[in-house]
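Survey of secondary and tertiary structure
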Amino acid sequence: MKKFLSLVLSAVVLVGGLSSCKKESPAALTYGETVVTEAMYTYYVSTYKGRYIQTFSDISDTEEFWTSDIGGKTGEEMIEELIYKNVIQNLVAAEEYRKAGLTLSKTEESDIDTYIDSMIEELAGGSRQTLNGHLAEFGINLDILRESLRMERRAYLYREYLYGEGGPEAIDDDDRDEYFKESYVRFQQIFINTVNVYETDKDGYYVQDENGSFKIRDLTEEEKAAANKKIDDVHRGLEAGEDFEKLQEKYSDSKEYKTGYYFSPATSTSYLTTVVSAAFDLEEGKWTYVDATGTTGAFFIKRLPLEDKAYKDEKLSDFFSTFDEDLMTELYGTKLEELSSGIVKNDEFLDSVSVKDAPINYYYY
């Protein structure tokens, strides 16, 4: 599962806001002609709460998490801020989509209706009344849910409209270069495994279990001792000024990407975030040691200068598979945050909402 750190680096696209709810529930947030009502906002709190708990391994619906300190804020304060940020960004996107004269196609509308029909069938035994009863716990009904899904789609399509090919703010190589230089780090590593290895038979072939998966075994005490000696040898070598690449070739248990790994904050969760964070803290040409011996192994990393337009190098494609997507997300978030100053807020209501006490919505979105 992902760690909570990655949550602050990206926004989940989920938004609602519809004029038809104005008579039923006061506005919580208003931007132009688009409204998120109080009922809608409490629904989003429940929905995001469920998504975060399901997605991030270090978020839990416990008093310990809600009162824990995360960068000077409680867990509840942090989640409240993230939910608010996501909702207002997508509220703005929905309104800007409308202002741009964009509309959903018949196919997109049909896809939404089909999805709702499947939800009625699978979660409510084919009964709209039953599903409406479930949704009422979160302050909405099927009509509001449908509009929420439509708004979610509009928010996504507005980003594609802005930054996609031929769009008014379509990304180009100048955007890519700037994002690459500002967001990425490159480093070499010497990795020494201290935990486990794939099990092999007497002929050296990997052993599979009854499900076809390769078996893993813990290192023996003798193997752990050998690993610790390698760690000491690398430490001494680097401190004596020996060549990093030569030590890598001699000692590293991982020889992939000898010329360097590339990561950004947005992609760091696909690796060990502690290693990536340490790389960002290094000066170019310097090395450091990251101790993860209790979970994976020992990492010696050396920061290297970025290679020009590395994001276009096919040999490095593993590191840049979501590059344009991440760039668009970055640009989109900045744009929406700037526009969000025009939002009218119902502060009294927003201050009254409790993420900790909200029911969790795991299914209805």
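Calculation notes
Numbers given to residues run from 1 along each chain, matching the order in which its sequence is written. pLDDT decides what is reported in this predicted model: residues at 70 or higher carry local features, side-chain atom pairs at 80 or more are listed and counted, and totals for whole chains, interfaces and linings draw on all residues regardless. Each side-chain value is worked out from all heavy atoms of the structure, with water and hydrogens disregarded. For each structure, a 1 Å grid was placed over the protein atoms alone; sets of points admitting a 1.4 Å probe that cannot get out are labelled cavities, open sets with protein on both sides within 12 Å along at least five of seven lines are labelled pockets, and lining residues have an atom within 4 Å of a point. Grid points are joined across faces, edges and corners, and a volume is the space filled by probe spheres set on the points. Only runs of H or I of at least four residues qualify as helices and only runs of E of at least two qualify as strands under DSSP, and these elements are numbered from the N terminus. For this classification, Asp, Glu, Lys and Arg are treated as charged, while Ala, Val, Leu, Ile, Met, Phe, Trp, Tyr, Cys and Pro are nonpolar and the rest, including Gly, are polar. We call a residue buried when its accessible area falls under 20% of the maximum for its residue type, exposed when it is over 50%, and partly exposed in between, using a 1.4 Å probe and counting protein chains only. The contact rule is simple, with two residues in contact once any of their heavy atoms fall within 4.5 Å. N or O atoms within 3.5 Å of each other form a polar contact, as long as, within protein, one can give a hydrogen and the other can take it, and as long as residues adjacent in sequence are counted only when both atoms are side-chain atoms. Candidate patch residues must exceed 30% relative accessible area and have no salt bridge, after which like charges are joined if within 9 Å and Val, Leu, Ile, Met, Phe, Trp or Tyr side chains if within 5 Å. Here the open area of atoms and residues is found with the Shrake-Rupley method and a 1.4 Å probe, where only the protein chains shown may cover a residue. When a carboxyl oxygen of Asp or Glu is within 4 Å of a side-chain nitrogen of Lys or Arg, the pair counts as a salt bridge. In this analysis, rings of Phe, Tyr and Trp, with Trp reduced to its six-membered ring, are considered paired at centre separations within 6.5 Å, and the interplanar angle assigns stacked below 30 degrees, edge-to-face beyond 60, and tilted for intermediate values. Any two strands with at least two DSSP bridges between them are considered paired. Comment: axis = line fitted to C-alpha atoms, over the contacting stretch for helices; angle = value between 0 and 180 degrees taken between N-to-C directions. For this count, His and the chain ends are skipped, Lys and Arg are scored as positive, and Asp and Glu as negative. To locate a charge, take NZ of a lysine, CZ of an arginine, CG of an aspartate or CD of a glutamate.

Next up on the list: the layout of surface pockets. In this structure, the second largest pocket spans a volume of roughly 210 Å³. What lines the second largest pocket is simply Tyr41, Val45, Glu80, Glu81, Ile83, Tyr84, Lys345, Asp347, Leu350, Asp351, Val353 and Val355. Of all the elements in the fold, those that place two or more residues in the lining of the second largest pocket are helix 1 (38-55), helix 3 (75-99) and helix 12 (347-352). Counting residues per element, the lining of the second largest pocket draws most heavily on helix 3, at four residues. By residue class, the composition of the lining of the second largest pocket is seven nonpolar, no polar and five charged.

A few words on helix 7 (residues 173-183). Of the residues making up helix 7, those classed as buried are Arg176, Asp177, Tyr179, Phe180 and Ser183. Looking at the buried side of helix 7, the elements it contacts are strand 5 (185-193), strand 8 (261-263), helix 10 (273-281) and helix 11 (323-339). In this structure Asp172 caps helix 7, since a side-chain oxygen of it lies 3.1 Å from the backbone nitrogen of Asp174.

This part takes up a nonpolar patch on the surface. Side chains of Tyr198, Tyr206, Phe214 and Ile216 sit close together on the surface and give an oily, nonpolar patch of about 460 Å² of accessible area. For Ile216, the position within the fold is in strand 7 (residues 216-218). On the accessibility criterion, Ile216 (52% relative accessible area) is exposed.

Along the polypeptide, Leu102 turns up in the loop between helix 3 and helix 4 (106-124). Residue classification places Leu102 among the partly exposed positions, given a relative accessible area of 25%. A sequence separation of 56 residues divides Leu102 from Tyr158, and the C-alpha atoms of the two residues are 8.1 Å apart. Excluding its chain neighbours within four sequence positions, the residues that come into contact with Leu102 are Tyr97, Tyr158 and Tyr161.

Attention now goes to the packing of aromatic side chains. Taken as a whole and assessed by the stated rule, the structure comprises 39 aromatic pairs. Seen from their ring centres, Phe180 and Phe320 are 6.0 Å apart, and the 65° between their planes marks the pair as edge-to-face. With Phe180 in helix 7 and Phe320 in the loop between strand 10 (297-304) and helix 11, this residue pair connects regions lying 140 residues apart in the sequence. Pairing Phe263 with Phe319 gives two aromatic rings, centres 5.6 Å apart and planes at 80°, and the pair type is edge-to-face. One end of the pair, Phe263, is in strand 8; the other, Phe319, is in the loop between strand 10 and helix 11, and 56 residues separate them in sequence.

Moving on: the sheet that holds strand 10. Pairing is antiparallel across the open sheet formed by four strands, whose spatial order is 8-5-10-9. Strands with a single pairing partner mark the edges of an open sheet, and in this sheet they are strand 8 and strand 9 (287-292). The sheet shows a mean angle of 35° between the axes of neighbouring strands, direction not considered. Bridging between strand 5 and strand 10 involves eight bridges; their strand directions are antiparallel. Its bridge partner lying in strand 10, Phe187 is registered against Arg303.

A word on a negative patch on the surface. On the surface, a cluster of negative charge is made up of Asp172, Asp174, Glu178, Glu182 and Glu330. Ranked by residues supplied to the negative patch, first place goes to helix 7 with three residues. Topologically, Glu182 is positioned in helix 7. Overall, the relative accessible area of 62% leaves Glu182 in the exposed class.

Another point: unusual backbone geometry. Phi angles above zero are rare outside glycine, and Tyr257 is one such case at about 50°. Within the secondary structure, Tyr257 sits in the loop between helix 9 (244-251) and strand 8. With relative accessibility at 28%, the residue Tyr257 sits in the partly exposed group. One non-glycine residue, Lys309, lies in positive phi territory at about 50°. Tracing the chain through its elements places Lys309 in the loop between strand 10 and helix 11.

The full count for this structure, using the stated rule, is 28 salt bridges. A salt bridge links Glu109 to Arg146, with the nearest nitrogen and oxygen atoms 3.0 Å apart. Of this pair, Glu109 sits in helix 4 while Arg146 sits in helix 6 (residues 142-163), placing them 37 residues apart in sequence. Where Asp173 meets Arg176, a salt bridge forms, and the shortest distance between an N and an O atom there is 3.2 Å. In this pair, Asp173 and Arg176 both sit in helix 7, three residues apart, roughly one turn of the helix. Each of Glu109, Asp113, Arg146, Glu147, Arg150 and Arg154 takes part in one network of salt bridges that share partners.

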